[in-house]
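# A closer look at the structure
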Amino acid sequence: MAVLVLDKRKQPLMPCSEKRARLLLDRDRAVVVRVHPFTIRLKDRVGGSTQPVRIKIDPGSRATGMAMVRESGDGIQHVLWLGEIAHRGHVIRDQLAQRRAFRRRRRSNLRHRPARFNNRRRSAGWLAPSLQHRVDTTTAWVRRLRRWAPVTAVSQELVRFDTQRMESADISGVAYQRGTLLGTQVREYLLHRHQHQCAYCHGQSGDPVLEVEHVHPKSRGGSNRVGNLVIACRDCNKVKENRDAGEWARDLAPARGRLDVARRHNAALVDAGKRPSLRDASAVNSTRWALFQALKAAGLQVAVGTGGRTKWNRQRLGIPKGHALDAACVGEVEAVSGWNRPVLAIKAAGRGSYQRTRLTRHGFPRGYLMRHKQVRGFQTGDHVQAVVGAGKKAGTHTGRLAVRASGRFNIQTPAGVIQGISHRHCTLTQRADGYGYFVQSKIAATETEEARTEAA
Ligand SMILES: [Zn+2]
């Protein structure tokens, strides 16, 4: 994992290798600024030459992938850093639902009050708190990374499919096969539109192989435009032969049996130009759009890409699936080098509850949290290293801390929670900042591990 570097005045320099960072620290030329992501500050350097660095973002509902790449002139992107933010939208949603229920429960005890509903005003760009959190967390991380690296531009995946370009493009010649960008996108788009189901039999033929099918056959002059394409199973495709969808429906007229009835019905619909709605496929996801606007408002050059292009890039370059690696493949990419590196898993954990009263299921007080969040100089969310000399919990435990009033803390390590560690054993490595961190090993390493277990 690349180490982020700041100069003497805390201005970002180009990230360096772990080996170089170790040398600098050993020679006392640098100090550690942060552990996650690992950042050092040079004691004796002011300014330095930097190269263009781009942050690439693949926003998702549960997790957002981020990659920092160095762009060289020949279009090759060298991956410097990979990260994956796990969002806590569902936690926020649940907490608000609980608050709402508690209030409702309490208010029902009161005297009669006239109905007051629909009395809230929402601005045009309003997002639910659980969605706004995704936008805020992602922009916060872009802001942080800009403090630690010489970022010059941002790329973001904005839409799934570029439906406009797809509808207008003449794809005859390049056709719709896998392998070309437009072809892959068209195929993905059709599969999504038909929900991975044959347009004629809706999966009733039992044939799992899905193909791109021409409603008006190619052999009879049917065009390659998206309007003339549907997804059909190989069985239906074969039975339909080189007939028009309408002709096929008429030939099936005295249909008997469920399969033929379904085929006749759907072929007539397809012939009449009825296709499943593309609304959700083409509509820009509101959260992604809000993120795009927020990044632009921060004064950044934002390039946008489509999900179809990301997937095409990833498959063409032979890169495995993953949020952070998807992010590295966003937008126009010639080649990606150095992608096989550890990923920093960043978990949005919040900063604890403001409310000090714990409630029962029905909203009545059950107990109280400590008035102060600090215990023996530690706070929940701090990252610590605990060295336990003897006993059942002997060893070195590194992770996120949860304080207890007793001074015997819990530590969340990648291997699980270690309970009852005395504050005396703990050394602070990084103060709580609302995130939990751990480093995911390289992709190849996990693959070989899998192969080894399969072999065993
Ligand atoms: Zn079929």
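Residues numbered from 1 in each chain as written. Predicted model: local features only at pLDDT ≥ 70, side-chain atom pairs only at ≥ 80, totals over all residues. Heavy atoms only, no water.

Before going further, it helps to examine a positive patch on the surface. Together, R99, R100, R103, R104, R106, R107, R111, R113, R116 and R120 make up a region of like positive charge exposed at the surface. On the accessibility criterion, R104 (58% relative accessible area) is exposed. (Patch = residues over 30% accessible without salt bridge, like charges linked within 9 Å, V, L, I, M, F, W, Y side chains within 5 Å. Areas by Shrake-Rupley, 256 points an atom, 1.4 Å probe, with all protein chains shown as cover. Salt bridge = Lys/Arg side-chain N within 4 Å of Asp/Glu carboxyl O. Lys, Arg positive; Asp, Glu negative; His and termini not counted. Charge placed at Lys NZ, Arg CZ, Asp CG, Glu CD. Buried < 20%, exposed > 50% of the residue type's maximum accessible area, 1.4 Å probe, protein only.)

The alternating pattern of strand β1 (residues 3–6) places V3 and V5 and L4 and L6 on opposite faces, both of which are buried. Where β1 folds back on strand β2 (residues 12–16), the antiparallel hairpin that results is connected by five residues, among which K10 adopts a positive phi of roughly 70°. One ladder, built from three bridges, connects β1 with strand β4 (residues 39–42); its direction is parallel. Bridging from a neighbouring strand, L4 pairs with T39 of β4. (Helix = DSSP H or I, 4+ residues; strand = E, 2+ residues; numbered from the N terminus. Pairing = 2+ DSSP bridges.)

Across the sheet, four strands lie side by side as β2-β1-β4-β3; this open sheet has mixed pairing. The strands lining the two open edges of the sheet, one partner per strand, are β2 and β3 (30–34). If you compare each strand with its neighbour and ignore which way they point, the axes differ by 30° on average. Strand direction decides the pairing type here: β1 and β2, joined by three bridges, are antiparallel. Paired with L6 across the two strands is P12, which belongs to β2. (Axes fitted to C-alpha atoms, helices over the stretch in contact; angles between N-to-C directions.)

Our next topic: the packing of aromatic side chains. What the rule picks out here adds up to seven aromatic pairs. Where W141 meets W148, the ring centres are 6.3 Å apart and the plane angle is 70°; that geometry is what we call edge-to-face. As far as burial versus exposure is concerned, W141 and W148 are alike and both buried. Centroid distance W141 to Y435: 5.4 Å. Interplanar angle 75°. Geometry classified as edge-to-face. Within this pair, whereas W141 is found in helix α3 (residues 129–148), its partner Y435 is found in strand β23 (residues 435–440), the two being separated by 294 residues in sequence. By the ring-pair criterion, three or more aromatic residues cluster together here, those being W141, W148, Y435 and Y437. Stacked on the ring of W126, the Lys or Arg R122 has its end atom at 3.8 Å from the ring centre. (Phe/Tyr/Trp six-rings, centres within 6.5 Å; stacked < 30°, edge-to-face > 60°. Lys NZ or Arg CZ within 6 Å of the ring centre and 35° of its normal.)

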